[in-house]
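Fold and geometry: a report
Residue strings, one per chain:
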Amino acid sequence: MDAGTDSSIQARKREAFWQERFVTCEGTKRVCNYPNADEFGVLEVNEFIGALPPFEGKVVCDLAAGIGRFTVDLAKKAKHVTAAELIEGFTQANEEANGAMGNITFITADVTKITFQPNQFDLIFSNCLLQYMDDTELPRVVENILRWVTVDGHFFFREVSHLTPGLHDTFKNEEPCICRSTDTYNGLFNNVSVPVDGAEDEVYKFSPVAMNQVQCVKEAFSVEKDFYWIYKKIRCQRSDMSG
Ligand SMILES: C[S@@+](CC[C@H](N)C(=O)[O-])C[C@H]1O[C@@H](n2cnc3c(N)ncnc32)[C@H](O)[C@@H]1O
């Protein structure tokens, strides 16, 4: 039994926080803690979906899918979407809204415990997930994401690198968000690798495609510390790893 490692404490905090959000909020506010969440949320969806590499006919994962506000647009073009989410109530809301599309599998699970297949997805999308991982969990989750993406497939993620005082509503359970600098994410993603089976001299790694400030947040709230990244999985010589 896990009595209280740092990671199990973080796991309990994020579950309590998101469960409270599920119970106390409605609509987009459940997953997007900005003023006018329903209207503002549309801008976020349009910006990120528009930034993605082409995913028509692809196999996609929406990691930490929440109530599915990205799942729906991913499923309109993808061959199949797996929507994985920590909170059962969010998964149910996503399934109620989007299950009829017929090409979505809904999973309730903690991403730190999920075991997808290697090379299962052409595109993994996550909006605000890694910031809820502690420093022990984060590198393991990133390594797993590298395994789960196909070679030449992509990982999109968006994280906030600081919480702006006065901008967000407060909740009984303090948000267990670990704000990290862009340098921290860049360092992690540029140095992570996983072995290539049967080729000792080679590894899979992430190659950077894009790192951009989130424009809708900047324009609406003058917040400049909100970024998204796109990485591509490539195969390379072990000796090509930088750092
Ligand atoms: C800010 S919300 C974003 C939800 C969705 N991506 C969106 O943009 O609408 C963060 C989501 O991450 C989920 N989450 C947090 N930690 C998680 C974990 N360890 N495994 C799976 N989902 C997690 C929360 O339950 C919540 O739905």
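Relevant structure appears above.
Heads up: these notes are all about the structure in this document. Per chain, residues are indexed from 1 in the order of the written sequence. Owing to the predicted nature of the model, reporting of local features is limited to residues with pLDDT of at least 70; listing and counting of side-chain atom pairs is limited to 80 or more, with chain, interface and lining totals taken over all residues. Excluded from the side-chain calculation are hydrogens and water; included are all heavy atoms of the structure.

1. A few points about the layout of surface pockets
- Residues are said to line a cavity or pocket when one of their atoms sits within 4 Å of a point; the points come from a 1 Å grid over protein atoms alone, cavities being sets where a 1.4 Å probe fits but cannot get out and pockets being open sets with protein on both sides within 12 Å along at least five of seven lines. Grid points are joined across faces, edges and corners, and a volume is the space filled by probe spheres set on the points. Each pocket or cavity is described by its volume, and for the largest pocket that value is around 230 Å³.
- Contributing to the lining of the largest pocket are 13 residues, with Leu163, His168, Asp169, Thr170 and Glu175 lying nearest its centre.
- For this classification, Asp, Glu, Lys and Arg are treated as charged, while Ala, Val, Leu, Ile, Met, Phe, Trp, Tyr, Cys and Pro are nonpolar and the rest, including Gly, are polar. Here the residues of the lining of the largest pocket sort into four nonpolar, six polar and three charged.

2. Observations regarding empty space enclosed by the protein
- This structure, assessed with the given rule, holds two cavities of 30 Å³ or more.
- The volume enclosed by the largest cavity comes to roughly 600 Å³.
- Taken together, 36 residues form the lining of the largest cavity, with Trp18, Val31, Asn127, Cys128 and Tyr132 sitting closest to its centre.
- Each helix is a run of H or I in the DSSP string that is no shorter than four residues. Each strand is a run of E no shorter than two, and both are numbered from the N terminus. Take the lining of the largest cavity: its biggest share by element is three residues, from helix α1 (residues 6–24).
- Across the lining of the largest cavity, the residue classes break down as 21 nonpolar, six polar and nine charged.
- What the second largest cavity holds in volume is close to 30 Å³.
- If you trace the second largest cavity, you find it lined by Tyr34, Val160, His162, Thr164, Leu167, His168, Val223, Lys225 and Asp226.
- Of the residues that constitute the lining of the second largest cavity, the class distribution is four nonpolar, three polar and two charged.

3. A closer look at the site of the ligand
- In the region of the ligand, 20 residues are neighbours, and Ala64, Arg69, Glu85, Val111 and Asn127 sit closest.
- Throughout this description, a polar contact denotes any pair of N or O atoms lying within 3.5 Å of each other; where both atoms belong to protein, one of them has to be capable of donating a hydrogen while the other can accept it, and for residues adjacent in sequence the pair is counted only when both atoms sit in side chains. One of the backbone N or O atoms of Ala64 is found 2.7 Å from a nitrogen atom in the ligand.
- Separating a nitrogen atom of the ligand from a side-chain N or O atom of Asp110 is a distance of 2.9 Å.
- In short, Shrake-Rupley with a 1.4 Å probe defines the accessible areas, and a residue's cover is counted only from the protein chains shown. Protein burial of the ligand: of its 590 Å² of free accessible surface, 98% is covered by the chains.
- Placement in a cavity or pocket follows one criterion, namely that more than half of the molecule's atoms lie within 2 Å of its grid points. More than half of the atoms of the ligand fall within 2 Å of the grid points belonging to the largest cavity. The near set for a molecule or strand comprises every residue that places at least one heavy atom within 4 Å of it.

4. What about the side chain of Gln213?
- Here Gln213 is to be found in strand β7 (residues 199–213).
- We classify Gln213 as buried; its relative accessible area is 18%.
- From its side chain, Gln213 meets the backbone oxygen of Glu224 in a polar contact 2.9 Å long.
- If we ignore the near neighbours within four places in the chain, the residues touching Gln213 are Glu47, Lys218, Glu224, Asp226, Phe227 and Tyr228. Burial status follows relative accessibility: with a 1.4 Å probe on protein chains alone, a residue under 20% of its type maximum counts as buried, one over 50% as exposed, and anything between as partly exposed. The contact criterion used is simple: two residues touch if any of their non-hydrogen atoms lie within 4.5 Å.

5. Quick notes on α1
- Expected helix span is given by 1.5 Å per residue-to-residue step, counting one fewer step than there are residues. Across its 19 residues, α1 extends 27 Å between first and last C-alpha, which sits within 8% of the 27 Å expected from 1.5 Å per residue.
- Every buried residue belonging to α1 is among Ser7, Ser8, Gln10, Ala11, Arg14, Phe17, Trp18, Glu20 and Arg21, and all of these are buried.
- Buried residues belonging to α1 abut α4 (88–98) and α5 (137–148).

6. Things to note about the environment of Leu130
- Mapped onto the elements, Leu130 comes out in the loop between β4 (121–127) and α5.
- Spatially, the C-alpha atom of Leu130 lies 9.6 Å from that of Val160, the residues being 30 residues apart in sequence.
- If we skip the residues at most four places from it in the chain, Leu130 touches Leu138, Val141, Phe155, Phe157, Glu159, Arg180, Tyr185 and Phe189.

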